[in-house]
Amino acid sequence: MHLQKLTLENFGPYYGTQSVDLDVSREAPVVLFYGENTLGKTQLFSALRWCMYGSLSSSQSQEEDSEVAAHLNNIAKREGSNRISVGLTFEHEGQVYVLNRVAIVEQGRPVAVTASLRIGASVVPSSTIDSVVGRIIHPQIADFFLFDAETLSRFYERLADDRQRGFIKESIEQVLGIPALQIAKRDISELVNDALDRQAKADKSVLETQRIRQRLRKLASEASSLERDRAELQETLTAAERELERTREALQRASGLEGDLREQETLEAQISDGEREISQIKAEIKNLFARGWMAVANARLSEKLDQVRSANNVASERGREISELRQKVALLEGKRSGGVCPTCGQELSADPTVETDLATAREALGAVLAGSPSGEVDLRTERRIAALIDNSILPDFTAKTRRINEISFLQFERKGRLDSISERLKGHSLAEIRRLGSQQQDLTQVIKGSISALEKSREDEIRIGQEQRRLARQLERLSGADPKVVLEATFLRLVQESLDRTVDKFRERVRVSVEDSATDMFLGLIRDSGGYGGLQIGPDYRVNLVDTRGDMRPTSEGGKQLVALSLIGALKLAAARGGPVVIDSPLGRLDLQHRENVLRNWIPRLGTQAVLLVQSGELTRSDADRLLGTTVGRAYTIRRPSGDPEYAVIESA
């Protein structure tokens, strides 16, 4: 496969229609795209993958194409355009393919995605487009041809994971062409079953032959059913693996947001409580207003109360004064006539001044009694008026108004923080994280069950094969067997057994070849190659980095990326199917020395076409000229001519 041209229409920041020539020669196979972060390199990468497979990333399935709606260019959208399209022209086995994928985005409707493919002058039916593209580069192996820095960073961990390694092993065997041999095995097995059936028909020992024939038919039916079940299990496993990968990516993106999500939940609860408290206080203020008429009456009642209290105070004082004067008069009269003091009970003796004091006291008492009457103390009236006065209305109103202002200020702060958090979260929620976590557990169980069922299926396949061979030997021993049919069945069984051994030997030989190539590539990429023995690849494609003594060595994140690059490069060399390599930001985690090693020793070995999307922090133009030299066939720059993030253009560098 050789890329020739990519055409974008309103995809992401690429407003309008823009075309890029990707055709390069074997002598200069590298295509460079320079673009700083956020300019649109990843969008370009996604557009290429979407055009080929109908998915925006390796973890998405085609059914999730509604996400394409988010890639409609906003300028085009404002102008009324609802069309996104990506076209890819490429050559494969001497024929020119023109592939187009179009999405129509309409408000309130599902995104309508259509695809068209022309091979030369022939139009391919839309229902077969995906299978045609899949025969060239299957989606399952696309990660070895279209990958980005994120794919590289995950690749090493996936190889170390027992469950995910099985999926990668299957993808690797797709790259190496082993499934073609497995299909041949299945075809031979069908021929063996047919020969055994004909052998049973030709046998003269009717009863024994019928028994063996019925058993062979049953075994053939079981084998066929087993094959269908395995295909369905493998499809389920593959879909679950991809969905689990997507779920894990979503969880990883959300993992750093849990603190924000919890604060969001708290703020939402506080805002809700605040709104309820404000509503309650407003209802209470409304009740205060309903009693507000009392505030007008309170002034008159307070004035009347002051008058009553003043009168009561005067009456109380006059009564006290009269009482004191009467006691004094009584005391002086007692002194004058002798007797006992009414207060202390002592005997009183006459005093020369008693008459004078008595006269003065009687005069004062008379003067008080003769003054203007102040009436009785009226405590009952005072209490009734006081009970009518409600002095709590204004203080309550003031307190409640102050509380509303305090809550409103808190609500303003809470909503400000909530808006800031919501902007960071961009639609994430704790409920969504919990759902993803639950989904991850469910998918893990599905995968575990599928792997267990596949292992059981392989055991059943071995059992069926063994029994078929046993029955075949029984048929050969029957006296009426047709020698020609026996010979054919025997020959096909030998071919079947030989092919089994051949597939195993081929798989092992290719594994050793990939291990040698990957080790050679890794030692060419690493700074101090003397301390490493290389890469050790097991039969299940577990990859270990070892030292010169064969002991495993730990490695850094950058080292893991070099391991992944080495394995991908080795697989590319061993691949039964060739194709371009398109890489988005492959050098971000590497230091300068390792970047140079990748560019000098890895890129030139990728084949006839390598497309690199880089930013200046990874590769400057001067470094590209120095390190890649004449191997650069085309170079482009992504820029924003107007500064508008919704408008990027691709220009020749």
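Novice: I'm lost on the overall build of the protein in this one. Help?
Specialist: Scanning the protein from N- to C-terminus turns up 17 helices and 16 strands. Burial status across the protein gives 42% buried among its 653 residues. Within the protein, contacts between residues separated by at least 24 positions form 72% of all contacts whose residues are at least 6 apart in sequence.

Novice: Even after reading the chapter, I still don't get the packing of aromatic side chains, so can you show me in this structure?
Specialist: To describe a pair of aromatic rings, you give the distance between the ring centres and the angle between the ring planes. Applying the stated criterion to the full structure yields 5 aromatic pairs. Ring centres of Tyr15 and Tyr647 lie 5.8 Å apart, and the angle between their planes is 85°; on these two criteria the pair is classed as edge-to-face. Taken as a pair, Tyr15 in strand β2 (residues 14-21) and Tyr647 in the loop between β15 (632-639) and β16 (649-652) lie far apart in primary sequence, 632 residues in all. The interplanar angle of 10° and the centroid separation of 5.0 Å between the aromatic rings of Phe90 and Tyr97 together place this pair among those described as stacked. Taken individually, Phe90 and Tyr97 each receive the classification buried, so the pair is uniform in this respect. The aromatic ring of Tyr532 is capped on one face by Arg553, whose charged end is 4.2 Å from the ring centroid.

Novice: Where do I start with empty space enclosed by the protein in this structure?
Specialist: Rolling a probe over the atoms, with the probe sized like a water molecule, indicates the empty space that remains. Under the counting rule described, the total for this entry stands at 4 cavities of 30 Å³ or more. Its boundaries defined by the atoms lining it, the second largest cavity holds a volume of some 70 Å³. At the level of elements, α1 (41-53) and β14 (610-614) are the ones that each hand at least two residues to the lining of the second largest cavity. With 3 residues, the single largest contributor to the lining of the second largest cavity is α1. The residue inventory of the lining of the second largest cavity, partitioned by class, reads 9 nonpolar, no polar and no charged.

Novice: Hey, could you run me through the pattern of salt bridges in this one?
Specialist: Charged atoms that come close allow side chains of opposite charge to pair. Enumeration over the complete set of coordinates arrives at 20 salt bridges. Across the pair Glu508 and Arg511 runs a salt bridge, and its minimum N-O distance is 2.5 Å. Linking Glu508 with Arg511, this pair stays in helix α14 (residues 483-525), spanning 3 residues, or about one helical turn. With relative accessibility at 11%, the residue Arg511 sits in the buried group. In the salt-bridge network here, residues are joined through shared partners; they are Glu222, Lys456, Asp460 and Arg463.

Novice: Teacher, can you tell me more about the pairing of β2 here?
Specialist: Within a regular beta strand, the side chains point alternately toward one face of the sheet and then the other, so they alternate between its two faces. Direction of pairing for strand β1 (residues 2-11) relative to β2: antiparallel, over a ladder of 6 bridges. Looking at the pairing, Lys5 lines up with Asp21 of β2. As consecutive antiparallel partners, β1 and β2 are separated by 2 residues, and within that stretch Gly12 has a phi angle of approximately 60°, a positive value.

Novice: Before we go on, may I ask you to explain the nonpolar core in this structure?
Specialist: Inside soluble globular proteins, nonpolar side chains tend to come together where they are buried. Phe33, Leu44, Leu88 and Ile650 are the most contacted members of the largest nonpolar core, which totals 50 residues. When residues in this core are grouped by element, the largest group, 8 residues, is from α1. If you look at the next biggest cluster of nonpolar residues, it comprises 42 residues, including Leu545, Val563, Leu587 and Leu619.

Novice: Please explain the environment of Gly16 as it appears in this structure.
Specialist: Within the secondary structure layout, Gly16 lies in strand β2. When the C-alpha positions of Gly16 and Ile75 are compared, they lie 9.0 Å apart, and in sequence the two are 59 residues distant. When residues no more than four places from it in sequence are discounted, the contact partners of Gly16 are Leu8, Glu9 and Asn10.

Novice: Explain unusual backbone geometry here, please?
Specialist: A negative phi holds for most residues other than glycine; trans holds for most peptide bonds. The backbone of Asn10 shows a phi angle near 55°, a positive value even though the residue is not glycine. Tracing the backbone through its elements, the reader meets Asn10 in strand β1. With a phi angle near 50°, Glu93 is a residue other than glycine that sits in the positive phi range. Structurally, the position occupied by Glu93 is in the loop between β4 (83-92) and β5 (95-104).

Novice: How should I be thinking about helix α15 (residues 557-574) in this particular structure?
Specialist: Two residues of an α-helix separated by three or four positions point the same way, owing to the 3.6 residues in each turn. Helix length check: α15, at 18 residues, gives a terminal C-alpha distance of 26 Å against a target of 26 Å (1.5 Å per residue), a fit within 8%. Across the 18 residues of α15, 15 count as buried, placing the element largely inside the fold.

Novice: What exactly am I supposed to notice about the packing of α15 against helix α16 (residues 592-602) here?
Specialist: The geometry of a pair of packed helices is captured by two quantities: the angle between their axes and the separation between those axes. For the pair α15 and α16, the least separation of the axes is 12 Å and the interaxial angle reads 5°. As judged from the angle between their axes, α15 and α16 are roughly parallel. Contacts from Leu562, Leu565, Ser566 and Gly569 of α15 reach α16 at His594, Val598 and Trp602. Across the contact of α15 with α16, the residue classes tally to 4 nonpolar, 3 polar and no charged.

Novice: Would you mind showing me how to read the sheet that holds β2 here?
Specialist: Two modes of strand pairing occur in sheets, parallel and antiparallel, and in both the strands are linked by backbone hydrogen bonds. In space, the 6 strands of this open sheet follow the order β2-β1-β4-β5-β6-β7, with antiparallel pairing throughout. Bordering the open sheet on either side are β2 and β7 (122-124), each of which pairs with just one other strand. The average angle at which neighbouring strand axes cross in this sheet is 15°, direction not considered. Of the strand pairs in this sheet, β1 and β4 are connected by 7 bridges, and their pairing is antiparallel.

Novice: What should I look at first to understand the pairing of strand β12 (residues 543-546) in this one?
Specialist: Residues Val543 and Leu545 of β12 are buried on one face, and the alternating residues Asn544 and Val546, pointing to the opposite face, are buried as well. Between strand β11 (residues 534-537) and the antiparallel strand that follows it, β12, lie 5 residues; Tyr541 among them carries a positive phi value of about 65°.

Novice: I keep staring at the environment of Ser408 and nothing clicks. Help me out?
Specialist: Position of Ser408 among the secondary structure elements: in helix α12 (residues 393-425). It is 8.0 Å that separates the C-alpha atoms of Ser408 and Gly274, two residues lying 134 residues apart in sequence.

Novice: Is there a simple way to think about the side chain of Gln411 in this case?
Specialist: Structurally, Gln411 is set in helix α12. Contact partners of Gln411, with chain neighbours within four places excluded, come to Gln270, Ile271, Gly274, Glu275 and Ile278.

Thresholds, definitions, all that
Residues numbered from 1 in each chain as written. Predicted model: local features only at pLDDT ≥ 70, side-chain atom pairs only at ≥ 80, totals over all residues. Heavy atoms only, no water. Helix = DSSP H or I, 4+ residues; strand = E, 2+ residues; numbered from the N terminus. Buried < 20%, exposed > 50% of the residue type's maximum accessible area, 1.4 Å probe, protein only. Contact = heavy atoms within 4.5 Å. Phe/Tyr/Trp six-rings, centres within 6.5 Å; stacked < 30°, edge-to-face > 60°. Lys NZ or Arg CZ within 6 Å of the ring centre and 35° of its normal. 1 Å grid on protein atoms, 1.4 Å probe; cavity = no way out; pocket = protein on both sides within 12 Å on 5 of 7 lines; lining within 4 Å. Points joined across faces, edges and corners; volume = space filled by probe spheres on them. Nonpolar A, V, L, I, M, F, W, Y, C, P; charged D, E, K, R; others polar. Salt bridge = Lys/Arg side-chain N within 4 Å of Asp/Glu carboxyl O. Pairing = 2+ DSSP bridges. Core = buried A, V, L, I, M, F, W, Y, C linked by side-chain atoms within 4.5 Å. Expected span 1.5 Å × (residues − 1). Axes fitted to C-alpha atoms, helices over the stretch in contact; angles between N-to-C directions. Parallel < 35°, antiparallel > 145°, perpendicular 65-115°, else oblique.

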